[in-house]
Amino acid sequence: MTQSVIVQVGQCGNQIGCCFWDLALREHAAVNQKGIYDEALSSFFRNVDTRVVGDGGSISKGKICSLKARAVLIDMEEGVVNEILQGPLRDVFDSKQLITDISGSGNNWAVGHKVFGSRYQEQILEKLRKSAEHCDSLQCFFIIHSMGGGTGSGLGTYLLKVLEDEFPEVYRFVTSIYPSGEDDVITSPYNSILAMKELNEHADCVLPIDNQSLFDIISKIDLMVNSGKLGTTIKPKSLVTSSAGTFKKRQKPFDAMNNIVANLLLNLTSSARFEGSLNMDLNEISMNLVPFPQLHYLVSSLTPLYTLADVNIPPRRLDQMFSDAFSKDHQLIRADPKHSLYLACALMVRGNVQISDLRRNIERLKPSLQFVSWNQEGWKTSLCSVPPVGHSHSLLALANNTCVKPTFMELRERFMRLYKKKAHLHHYLQIEGMEESCFTEAESSLSALIQEYNQLDATKSMPVEDLPRLSIAV
Amino acid sequence: MEIWPAFMLLSKTRFRKQLGIWIIVQNYNSILTLSHLYRSSDALLVHENDAVHKICAKLMNIKQISFSDINQVLAHQLGSVFQPTYSAEGSFHYRRNPLGDLMENLVPHPEFKMLGVRNIPQMSENSLAYSTFTWAGLLKHLRQMLISNAKMEEGIDWQVRPPVSRLPTLGKMSLNKELHFNTSIANLLILRGKDVHSADLGGFKDPALYTSWLEPVNAFNVWKTQRSFNKYEKSAALVTNSQFLVKPLDKIVGKAWNMFASKAYVHQYTKFGIEEEDFLDSFTLLEQVVASYCNL
């Protein structure tokens, strides 16, 4: 089995990351009853004998001694990382895996990217190399960050270039939180567009997520729970409502939202972490879902919703789970895949689901979905036998679909509104290395991407024809 | 002579749906693999996954088919071919070089090296207890399976007959025309079990089954042993070099071509050193193979 390293950058990235590690530990604990350090665990955790000083403490097999996350935590403010290090997860992180500063990036991509990028380049390289050395077979870097701020957006994307240069063979998966329309950071469009250019050029795969969609999903879950109609009961150890005994008490709505993203990562990696009859390694996601290097943005949905809420809802028909995966209400960004064009689609199923169920549902849903002409059977599936904790099954759908286009177009509009007036531009331009051309290039990059999606959409209603084959002289 | 029989699993569209395995780039992988193997191997023994799947479902009566079931059927097919047989009629020495003999019997021309296996009977152990077999019955079915290109013993099209006269085909036979009759270049029959010497093989020696290049005495061979195989009192395996793979192969090439013409996923391959030229070479080779077999 291969290993992956999570790099969590900025306030948002670290909060989500923390959520992920909490859930991952819970999941492994539920499955790994004997406390043996196995391959499943090694994909995201090291086993360390803490009595050994220095680096020699890694244990490759046998009983679990002390689990350390394969993670690098980066933040230019101390608040979030300190909170993590004082919390229940403090022993999961190696103190050498952190990079922090005090002043923060001031919601300025340029500060994150140019100032902190150059200041911390050596340290970043060193931590990444160390984390890679601890892996037998490193397959993937996961970067978690937000697009609208300064550190996650700027420093997070700076990292991408470093990773590409230093570890060209290792996949770069990025989970990016995009700002909603009513974002409280005024300069978020600038930060996002500048970051998008980096994502376009240096990421292998991006999972865009927006806060509004997460919020809507949380509202739906609350509605389900409170309606009482479905006879729901809240599980004692729920992350949605506050309760003792869990790692994070619910303080802000962000907790529940972060939980969703953490679940996304958990399910995305489940097939690589556990056994299954139809495993899917992470490199297979990129291989099958990215037909053209530019078009690597995947819209995700997680169903059933109640697996995100730790509530005991009597499971509805399995088929409903599949139907919901394609509904616009269940996507993690504002998107409607059903009414746009699919380039490819992956279904990652967990738990007690038979291959025949998969087949039946794909056949059932196919007629209502539009796939690009050369990929009419563009489905990739995986089956992981281990369900999420406390549930019997779950589904993660990843769609390479032109329905991402509106998100990008809106982002561009918001950017243009600010940029036309040159609002707040001086904060950026005063940073060394920043010029107006950075902005215009970033906008062109995004426009080019939108244009690619436009071209694909144009083929939507065209009839599917077989292209003329090579003819052989007999 | 180096012999590298390559055992390959060809996944067809229908099989993918049935077993729930989807790999989007599998058509690319298939054409790249197949073309490379074609160049470097002496012969290819090809199994079609959907045929194996159907055998499990219909003949073996398995409800939820697992990979282990599929592999059992495949192992049976291979075993039925490669288990020892006597080297000659009336001899008690076992064949020393089955691979070499296989090549000699079945691959007269390096352009035509695709071999398939058909087995009879195939059934679940429960059904076995209530069945008896005669060589005449088994061979009659197996012959019809060959000429109608049936993948298994059920659903055989008995309407298909060899053409009345075996004139060389004029011009290219287009694939649009239904290839009902499966023309063979060479066939090898392997009989295992009781009274194997009493089996009448006349049906397989009919010149109408074959191209005009070889006399049936050279195009058709038989291996025998009295040892039964895998619980079947009598069993027959047919290793055939014929047109059996033309349609499935053509379909895969067609799908891969559509994808390639749009340049989809090509960057995933070029980043590891496979260039567009390599793709084109593969397509060319396989179109040639399809055309050659089509024109038998």
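Residue positions are counted from 1 within each chain, in the order its sequence is given. Each chain gets a letter, beginning with A, and each ligand a number, beginning with 1, in the order they are written. The predicted origin of the model limits local features to residues at a pLDDT of at least 70 and limits the giving and counting of side-chain atom pairs to 80 or more, whereas totals for whole chains, interfaces and linings rest on all residues. Computation of side-chain values covers all heavy atoms of the structure but excludes hydrogens and water.

**Considering the overall build of chain B**
By the criteria applied, helices consist of DSSP H or I runs no shorter than four residues and strands consist of E runs no shorter than two, each listed in order from the N terminus. Helix and strand counts for chain B come out as 11 helices and six strands. A buried classification covers 55% of the 296 residues belonging to chain B. In this description, accessible areas are obtained by the Shrake-Rupley approach with a 1.4 Å probe, and a residue is regarded as covered only by the protein chains that are shown. Per element, the accessible surface of chain B, about 13,600 Å² overall, is 53% carbon and sulfur. Note on exposure labels: buried denotes an accessible area under 20% of the residue type's maximum, exposed denotes more than 50%, and partly exposed covers the range between, all computed with a 1.4 Å probe on protein chains only.

**Some words on the overall build of chain A**
The helix and strand tally for chain A stands at 14 helices and 15 strands. Values of the radius of gyration come from C-alpha atoms, whereas the globule rule sets the reference at 2.2 Å times the count of residues to the power 0.38. In summary, chain A has a C-alpha radius of gyration of 22 Å against a globular reference of 23 Å for 474 residues, a match within 12%. Its C-alpha atoms put chain A at 70 × 60 × 55 Å along the principal axes. Considering chain A as a whole, with its 474 residues, one finds that 61% of them fall into the buried category. Residues count as neighbours in contact if any of their non-hydrogen atoms are within 4.5 Å of one another. Pairs at least 24 apart in sequence give 82% of the contacts found in chain A among residues at least 6 apart. Neither His nor the chain ends is counted toward charge; the positive residues are Lys and Arg and the negative residues Asp and Glu. A charge is said to be at NZ when it belongs to Lys, at CZ for Arg, at CG for Asp and at CD for Glu. Placing the 47 positive and 53 negative side-chain charges of chain A at their respective mean positions leaves the two points 6 Å apart.

**Side note on the interface of chain B and chain A**
Contacts between the two partners involve 38 residues from chain B, matched on the other side by 35 residues from chain A. Of the roughly 3,100 Å² buried at the junction of chain B and chain A (both faces included), carbon and sulfur atoms supply 57%. Any Lys or Arg side-chain nitrogen located within 4 Å of an Asp or Glu carboxyl oxygen qualifies as a salt bridge. At the junction of chain B and chain A, the tally comes to three salt bridges. A:Arg469 is paired through a salt bridge with B:Asp250; the nearest N and O atoms lie 2.7 Å apart. N or O atoms closer than or at 3.5 Å make up a polar contact, with two conditions inside protein: a donor-capable atom paired with an acceptor-capable one, and, for residues adjacent in sequence, both atoms drawn from side chains. Along the contact surface separating chain B from chain A lie 12 residue pairs in polar contact (both at pLDDT 80 or more). The set of elements that each furnish at least two residues to the side of chain B that touches chain A consists of helix 1 (13–19), helix 9 (246–261), helix 10 (266–270) and helix 11 (276–294) of chain B. In terms of residues, the side of chain B that touches chain A owes the most to one element, helix 9 of chain B, which gives eight residues. Ten residues, namely Ala, Val, Leu, Ile, Met, Phe, Trp, Tyr, Cys and Pro, are considered nonpolar, four, namely Asp, Glu, Lys and Arg, are considered charged, and the remaining ones, Gly among them, are considered polar. Partitioning the side of chain B that touches chain A into residue classes produces 18 nonpolar, 12 polar and eight charged. When two components associate, each loses some accessible surface as probed by a 1.4 Å sphere; the sum of these losses over both components is called the buried area.

**Side note on the packing of helix 10 (residues 318–325) of chain A against helix 11 (residues 355–365) of chain A**
Residue and element names in this part refer to chain A. To obtain an axis, a line is fitted to C-alpha atoms, over the contacting stretch when the element is a helix, and the angle between two such axes runs from 0 to 180 degrees between their N-to-C directions. Following both chains from N to C, one finds helix 10 and helix 11 inclined at 45°, their axes separated by 10 Å at the closest point. The angle between the axes of helix 10 and helix 11 places the two elements in the oblique class. The hand of the helix 10/helix 11 crossing is right-handed. Here helix 10 contributes Leu 318, Asp 319, Phe 322 and Ser 323 to the contact with helix 11, which in turn contributes Asp 357, Leu 358, Arg 360, Asn 361, Arg 364 and Leu 365. The residue makeup of the contact of helix 10 with helix 11, split by class, is four nonpolar, two polar and four charged. Any angle that is under 35 degrees is reported as roughly parallel, and any over 145 degrees as roughly antiparallel; angles of 65 to 115 degrees are reported as roughly perpendicular and all others as oblique. Helix crossings are classified by the rotation of the near helix relative to the far one: an anticlockwise turn of less than a right angle makes the crossing left-handed, while a clockwise turn makes it right-handed.

**Regarding the pairing of strand 6 (residues 138–146) of chain A**
Residue and element names in this part refer to chain A. Taken across its nine residues, strand 6 has nine buried, putting it largely inside the fold. Pairing of strand 1 (residues 3–9) with strand 6, which is carried by six bridges, proceeds in the parallel orientation. Paired with Ser 4 across the bridge in strand 6 is Cys 140. Following DSSP output, two strands are said to pair if at least two bridges run between them. Summarising the sheet, strand 6 and strand 7 (residues 171–178) pair through seven bridges and their orientation is parallel. Within strand 7, the position partnered with His 145 by the bridge is Ser 176. The crossover handedness rule: strands pointing away from the viewer, path from first strand over the helix to second strand clockwise, crossover right-handed. Considered for its hand, the β-α-β crossover made up of strand 6, helix 5 (residues 151–166) and strand 7 is right-handed.

**So, the packing of aromatic side chains**
Ring pairs shown here join Phe, Tyr and Trp side chains whose ring centres sit within 6.5 Å, with only the six-membered ring taken for Trp; geometry is labelled stacked below 30 degrees between planes, edge-to-face above 60, and tilted in between. Enumeration over the complete set of coordinates arrives at 36 aromatic pairs over all chains. Considering the side-chain rings of B:Tyr28 and B:Tyr269, the 5.6 Å spacing of their centres and the 80° angle between planes classify their relative orientation as edge-to-face. Of this pair, B:Tyr28 sits in helix 2 (residues 26–40) while B:Tyr269 is found in helix 10, placing the two residues 241 residues apart along the sequence. B:Tyr269 carries the same exposure label as B:Tyr28, and that label is buried. By the ring-pair criterion, three or more aromatic residues cluster together here, those being A:Phe20, A:Trp21, A:Phe44, A:Phe45, A:Phe93, A:Phe142 and A:Phe173. A cation over an aromatic ring shows up here: B:Lys263 above the ring of B:Phe260, its NZ or CZ 4.8 Å from the ring centre. Over a ring means this: the NZ of a Lys or the CZ of an Arg is within 6 Å of the ring centre and within 35 degrees of the ring normal.

**Some thoughts on the sheet that holds strand 5 (residues 98–100) of chain A**
All names here are of chain A. Spatially, the six strands line up as an open sheet ordered 5-4-1-6-7-8, and their pairing is parallel. Each edge of the open sheet carries a strand with a single partner, namely strand 5 and strand 8 (205–210). Shown here is a sheet whose adjacent strand axes are inclined to one another by a mean of 15°, direction ignored. Each of strand 1, strand 4 (71–75), strand 6 and strand 7 is contacted by helix 5, which is oriented at about 160° to strand 6, the strand it contacts most.

**Topic: helix 10 of chain A**
All names here are of chain A. Judged by how many residues are buried, helix 10 sits mostly within the fold: seven of eight residues are covered. Taken as a whole, helix 10 has its buried residues at Leu 318, Asp 319, Met 321, Phe 322, Ser 323, Asp 324 and Ala 325. Close packing links the buried residues of helix 10 with strand 10 (299–303), strand 12 (341–351), helix 11 and strand 15 (393–401).

**Let's talk about the domain arrangement of chain A**
All names here are of chain A. Each assigned domain of chain A is listed here: domain 1 (3–241 + 253–405) and domain 2 (406–459). For domain 1 and domain 2, the distance between their C-alpha centres works out to 26 Å. Across the boundary between the two partners, domain 1 contributes 36 residues, which contact 35 residues of domain 2. For the pairing of domain 1 and domain 2, the buried interface totals around 3,200 Å² over both sides, and the portion due to carbon and sulfur atoms is 71%. At the junction of domain 1 with domain 2, the criterion picks out one salt bridge. A salt bridge links Asp 457 to Lys 405; its shortest N-O distance comes to 3.0 Å. Along the contact surface separating domain 1 from domain 2 lie 15 residue pairs in polar contact (both at pLDDT 80 or more). Each domain's limits were defined by an automated method or a database of domain assignments.

**What to know about the pattern of salt bridges**
All told, the structure shown has 25 salt bridges over all chains when counted by the stated rule. Connected through shared salt-bridge partners, A:Glu27, A:Arg273 and A:Arg350 make up one network.

**Considerations on the pairing of strand 8 of chain A**
Residue and element names in this part refer to chain A. Most of strand 8 sits out of view: six of its six residues are buried. Of the two faces of strand 8, the one carrying Cys 205, Leu 207 and Ile 209 and the one carrying Val 206, Pro 208 and Asp 210 are both buried. Taken together, the six bridges between strand 7 and strand 8 define a ladder with parallel strand orientation. When the sheet's bridge partners are listed, Val 174 is paired in strand 8 with Val 206.

**As for the side chain of A:Asn47**
Residues and elements named next belong to chain A. Mapped onto the secondary structure, Asn 47 falls in strand 2 (residues 45–47). A polar side-chain atom of Asn 47 sits 3.1 Å from the main-chain carbonyl oxygen of Lys 63. Separated by 2.8 Å, the side chain of Asn 47 and the backbone nitrogen of Cys 65 make a polar contact. Not counting the four nearest positions on each side in its chain, Asn 47 is found in contact with Tyr 37, Gly 57, Ser 58, Ile 59, Lys 61, Lys 63, Ile 64, Cys 65 and Ser 66.

**Things to note about unusual backbone geometry**
Working note: non-glycine residues mostly have negative phi, and peptide bonds are mostly trans. The step from A:Thr303 to A:Pro304 runs through a cis peptide bond, and the omega angle for that step is -15°. Residue B:Pro121 follows B:Ile120 across a cis peptide bond; omega there is -5°. Summarising the element assignment, B:Pro121 is placed in the loop between strand 3 (114–120) and helix 6 (125–128). We note that B:Asp195 has phi near 55°; this positive angle belongs to a residue other than glycine. Here B:Asn230, not a glycine, exhibits a phi torsion of approximately 50°, which is positive.

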